[in-house]
Amino acid sequence: MVNNHSLADYWAHVVVDEAHIIRFANDRAAGLLANQAVDGKNVKTILPWLRLDWFADKAIHKVGKASLVDKYLLDIIPCSEPAGWFDVFFRKIDEYDNPHHLWCEVADSIIGVQKFIDTSYDGMVVADGEGRVLAVNQAFLHICGLGRNVIIGKHFKELVEEGLIPQSCTLRALAQQEVSSAVVKYPYGTEAVVTATPLCDGLGRIVRVLSNVRDISELNMLHEKLKSAEALVHGFQRELKAMQAAKLDVNMRLARSRIMENLYELVIKVAGTDLQLLITGESGVGKTALAKFVHTISERSATGNFIHVNCSAIPDTLLESELFGHEEGAFTGAKKTRVGLFELANKGTIFLDEIGDMPLPLQAKILNVLQEGKFYRVGGSREIFVDVRVIAATNMNLGQLIERGLFRQDLYYRLNVIPVRIPALRERREDIRPLVAHYLTICNTRHRRTKAISPEVMETLWAYSWPGNIRELMNLIEGLIVVVDEPSIELRHLPGNILLCGNKDAHPAASGLTSHTGGSSGQQDNAVTGSLWKPHTHLKQLVEKLEGQIIEEAIGNCNSLKEAAQNLGVDVTTIIRKRKRK
């Protein structure tokens, strides 16, 4: 015979022998049969709607009609012993109109199939209508970190009071008589999402609470891994954008000096943030190009524009209107409302070039935009909100301007979150040769020329101080390409200031070469000239001689070739090559 807790509670159950005589009937069957005596009677007498041929067919899930109104679900299952006997289960079909009633059966069935539910990934807990634990599966034990003997039979209130679980959705579901969910961190286990569902009988009383417990610690770990992967992807995207932007930014693509490599590493690192940058450096070093590079590799390049504002090129009386816009009639000539550059840069980047020339009264408004992200148009009364990254640049010493009262100290600190100083070209001479070669190619292509530069010219350009930095270098190369008619640019084609100043800046001992232009100390100049120059001596030989003297002096005063090279601003290989010429 079948002995199943859930079937005995919810199904009418009779056992019949091989002669179809009833040998057993449960209370549920007695209730359906009006408590009449059934033992020893033929099942056909008690259940006239049952067909005997169903025993031969081992009927499963049959529907028997007792009348036009009463219908029964029926299962006939052969008993394992005694042989020839049958378990007959039946119930009125209208009982299935109550889904809560069926859920109660499901809850108790869980208890009967413990081995099956132990294979479930989610935890399961069954409690009675009072909140006492009836059954749990193995997954829940793993999640809560407790043993089965600690939980089974205990009231959830006890488990909470003993600190074994922090809270109980079961108790809340019983109190509120509705589904309750919460994220629970078990003291001895992991973090999980718990959903407790109350199951009611036909009278609406809660008889079971079925809880589903899903471990989210692994989900949290996967979420963290996903965040790390996204950060890595964003990093790769920035690197890719940096590589793409480098194709446009000659100064970066051709940079070979360690100082410029460090600078661009810093810029790439902070480009993905919204931190303000203050770029300083002499005129012509590439501040604008660097600001564009930062915008290009940032996520703002996909959401907004890059707006370049030269604060020194706009009259003070118009600068506020240009930056923040104005309303119609705000001043004479304001015939219609105009959007300012800050609004145009929304979701993007605004580059305030030559910030040191900005009028002091306007600096306060810039500070307010940086702090609050909002402003008023000139003549307006409505606040304009913007999300914009500010990059500022100057070739002036802002510290000195602050001391003179010409620049706000609070604005300086607000802008100077990430200070970036671009060194002058003379401070990174390793970059001169590749830059010269690059602009030579560009200008030859632009003007359809095939000019070359002699080694002597390249050495002289390397030695020149470049007060105008990269801008001066670009203009010089383009001018030579257009003006020189010969296929090769020689020393005689260079401007006199580059010939003289270049040698002087690179080699202090060569100041005597300026004697022909009228030096201030003729005696010293003649002495130096007499010791270096000889008739029919080529300038290249003089330069090489001076270079050799300086290199040897540097090596003698340093501990190594590397240290000497660092002091001279060249590579070690350059020193070795030049020493071999002697």
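Residues numbered from 1 in each chain as written. Predicted model: local features only at pLDDT ≥ 70, side-chain atom pairs only at ≥ 80, totals over all residues. Heavy atoms only, no water.

Thoughts on the overall build of the chain
Then, number 1: Of the regular secondary structure elements, the chain holds 27 helices and 21 strands.
Then, number 2: Residues classed as buried in the chain amount to 43% of the 582 residues present.
Then, number 3: Summarising the internal contacts of the chain: among those between residues at least 6 apart in sequence, 57% fall at separations of at least 24.
Then, number 4: Of the accessible surface of the chain, which amounts to about 30800 Å², a share of 54% is contributed by carbon and sulfur atoms. (Helix = DSSP H or I, 4+ residues; strand = E, 2+ residues; numbered from the N terminus. Buried < 20%, exposed > 50% of the residue type's maximum accessible area, 1.4 Å probe, protein only. Contact = heavy atoms within 4.5 Å. Areas by Shrake-Rupley, 256 points an atom, 1.4 Å probe, with all protein chains shown as cover.)

Some details on the environment of Tyr439
Then, number 1: Within the element layout of this structure, Tyr439 appears in helix H20 (residues 432-447).
Then, number 2: Each C-alpha atom of the pair Tyr439 and Leu473 lies 8.5 Å from the other, and the pair is 34 residues apart in sequence.

With respect to the nonpolar core
Then, number 1: In this structure, Val309, Leu323, Phe342, Ile350, Leu352, Met358 and Ile366 are the most contacted members of the largest nonpolar core, which totals 31 residues.
Then, number 2: The set of elements that each furnish at least two residues to this core consists of strand S12 (306-310), helix H15 (316-324), helix H16 (341-344), strand S15 (349-353), helix H17 (360-372), strand S18 (389-394), helix H18 (398-403) and helix H19 (409-415).
Then, number 3: Looking at this core element by element, the count peaks at five residues for H17.
Then, number 4: Among residues more than four places away in sequence, those in contact with Phe342 are Leu323, Phe324, Ile350, Ile366, Val369, Phe375, Val386, Val388 and Val390. (Core = buried A, V, L, I, M, F, W, Y, C linked by side-chain atoms within 4.5 Å.)

Focus: the pairing of S18
Then, number 1: Judged by how many residues are buried, S18 sits mostly within the fold: six of six residues are covered.
Then, number 2: Here S18 shows a buried face lined by Arg389, Ile391 and Ala393 and a second buried face lined by Val390, Ala392 and Thr394.
Then, number 3: With four bridges joining them, strand S11 (residues 277-280) and S18 adopt parallel strand pairing. Bridging across to S18, Ile279 finds its partner in Ala393.
Then, number 4: Judged from the four bridges that link them, S15 and S18 form a sheet pairing that is parallel. (Pairing = 2+ DSSP bridges.)

Let's talk about the packing of helix H13 (residues 258-271) against helix H14 (residues 287-297)
Then, number 1: Relative to each other, H13 and H14 sit at 40 degrees, their axes nearing to 9 Å. Classified by the interaxial angle, the pair formed by H13 and H14 is oblique. Seen from above, H13 lies across H14 with right-handed handedness. Only Leu290, Phe293, Val294 and Ile297 of H14 make contact with H13, whose side of the interface consists of Leu263, Tyr264, Val267, Ile268 and Ala271.
Then, number 2: Taken together, the residues of the contact of H13 with H14 break down into nine nonpolar, no polar and no charged. (Axes fitted to C-alpha atoms, helices over the stretch in contact; angles between N-to-C directions. Parallel < 35°, antiparallel > 145°, perpendicular 65-115°, else oblique. Left-handed = near helix turned anticlockwise from the far one by under 90°. Nonpolar A, V, L, I, M, F, W, Y, C, P; charged D, E, K, R; others polar.)

A few points about the environment of Val213
Then, number 1: Position of Val213 among the secondary structure elements: in strand S10 (residues 206-215).
Then, number 2: Residue Val213 is classed as buried on the basis of its relative accessible area, which comes to 1%.
Then, number 3: Considering only alpha carbons, one finds Val213 and Asp122, 91 residues apart in sequence, at a separation of 5.7 Å.
Then, number 4: Apart from the residues lying within four places of it in its own chain, the contact partners of Val213 are Asp122, Gly123, Val125, Phe140, Ile143, Tyr186, Ala192, Val193 and Val194.

Thoughts on the packing of aromatic side chains
Working definition: an aromatic ring pair is given by the centre-to-centre distance plus the angle between the planes.
Then, number 1: The full count for this structure, using the stated rule, is twelve aromatic pairs.
Then, number 2: For the pair Phe324 and Phe375, a centre-to-centre distance of 5.1 Å together with 55 degrees between the ring planes defines the contact as tilted. Of this pair, Phe324 sits in helix H15 while Phe375 is found in strand S16 (residues 374-376), placing the two residues 51 residues apart along the sequence. As far as burial versus exposure is concerned, Phe324 and Phe375 are alike and both buried. (Phe/Tyr/Trp six-rings, centres within 6.5 Å; stacked < 30°, edge-to-face > 60°.)

As for the pattern of salt bridges
Then, number 1: Summed over all chains, the structure comprises 20 salt bridges.
Then, number 2: Here Arg300 makes a salt bridge to Asp274, at a shortest N to O gap of 2.9 Å. With a gap of 26 residues between them, Arg300 in the loop between H14 and S12 and Asp274 in the loop between H13 and S11 connect regions that are remote in the sequence.
Then, number 3: Arg300 sits in the buried class, given a relative accessible area of 8%.
Then, number 4: Look at Asp274 and you get partly exposed, because its relative accessible area is 45%.
Then, number 5: Salt-bridge contacts for Glu478 lead to Arg446; the nearest nitrogen and oxygen are separated by 2.8 Å. Taken as a pair, Glu478 in helix H22 (residues 469-483) and Arg446 in helix H20 lie far apart in primary sequence, 32 residues in all.
Then, number 6: With a relative accessible area of 23%, Glu478 lands in the partly exposed category.
Then, number 7: Through salt bridges with shared partners, a single network forms among Asp274, Arg300, Lys347 and Asp387. (Salt bridge = Lys/Arg side-chain N within 4 Å of Asp/Glu carboxyl O.)

Brief notes about the side chain of Ser298
Then, number 1: With respect to the helices and strands, the residue Ser298 is situated in the loop between H14 and S12.
Then, number 2: By relative accessible area, which is 3% here, Ser298 ends up buried.
Then, number 3: Within polar-contact distance, the side chain of Ser298 engages the backbone oxygen of His295 at 2.8 Å. (Polar contact = N/O pair within 3.5 Å; in protein donor to acceptor, adjacent residues only side chain to side chain.)

Some words on the sheet that holds strand S7 (residues 133-136)
Then, number 1: Reading across from one edge, S7-S6-S10-S9-S8 is the order of the five strands in this open sheet, with antiparallel pairing throughout. The open sheet has two free edges, formed respectively by S7 and strand S8 (180-185), since each of these has just one partner strand. Between one strand and the next, the sheet's axes are offset by a mean angle of 20 degrees, whatever the strand orientation.
Then, number 2: As paired strands, strand S6 (residues 123-128) and S7 are joined by three bridges and run antiparallel to one another. Note that in S7 the partner of Val125 across the bridge is Val136.
Then, number 3: In the packing of helix H10 (residues 169-176) onto the sheet, the strands contacted are S6, S8, strand S9 (191-200) and S10, and the crossing angle to S8 comes to about 160 degrees.

Some remarks on unusual backbone geometry
If a residue is not glycine, its phi is most likely negative; likewise, a peptide bond is most likely trans.
Then, number 1: A positive phi is found at Glu354, a non-glycine position, where the angle reads about 55 degrees.
Then, number 2: Owing to a relative accessible area of 13%, Glu354 belongs among the buried residues under this scheme.
Then, number 3: Positive phi values are uncommon outside glycine, yet Trp466 reaches one of about 55 degrees.
Then, number 4: As for its position among the elements, Trp466 is in the loop between helix H21 (455-463) and H22.
Then, number 5: Under the relative-accessibility criterion, Trp466 is labelled buried at 0%.

Things to note about the sheet that holds strand S4 (residues 71-78)
Then, number 1: The strand order across the open sheet built from five strands is S2-S1-S5-S4-S3, with neighbouring strands paired in antiparallel fashion. Two strands bound the open sheet, and with one partner strand each, they are strand S2 (22-25) and strand S3 (62-65). Between one strand axis and the next, the sheet turns through 30 degrees on average, direction left out of account.
Then, number 2: In this structure, S4 lies alongside strand S5 (residues 86-92), joined through seven bridges in antiparallel fashion. Paired with Tyr72 across the two strands is Lys92, which belongs to S5.

Things to note about the pairing of strand S19 (residues 418-421)
Then, number 1: Burial of S19 is one-sided: the residues Ile418 and Val420 facing one way are buried, the residues Pro419 and Arg421 facing the other way are not.
Then, number 2: Note that S11 and S19 share four bridges and pair parallel. Within S19, the position partnered with Thr280 by the bridge is Arg421.

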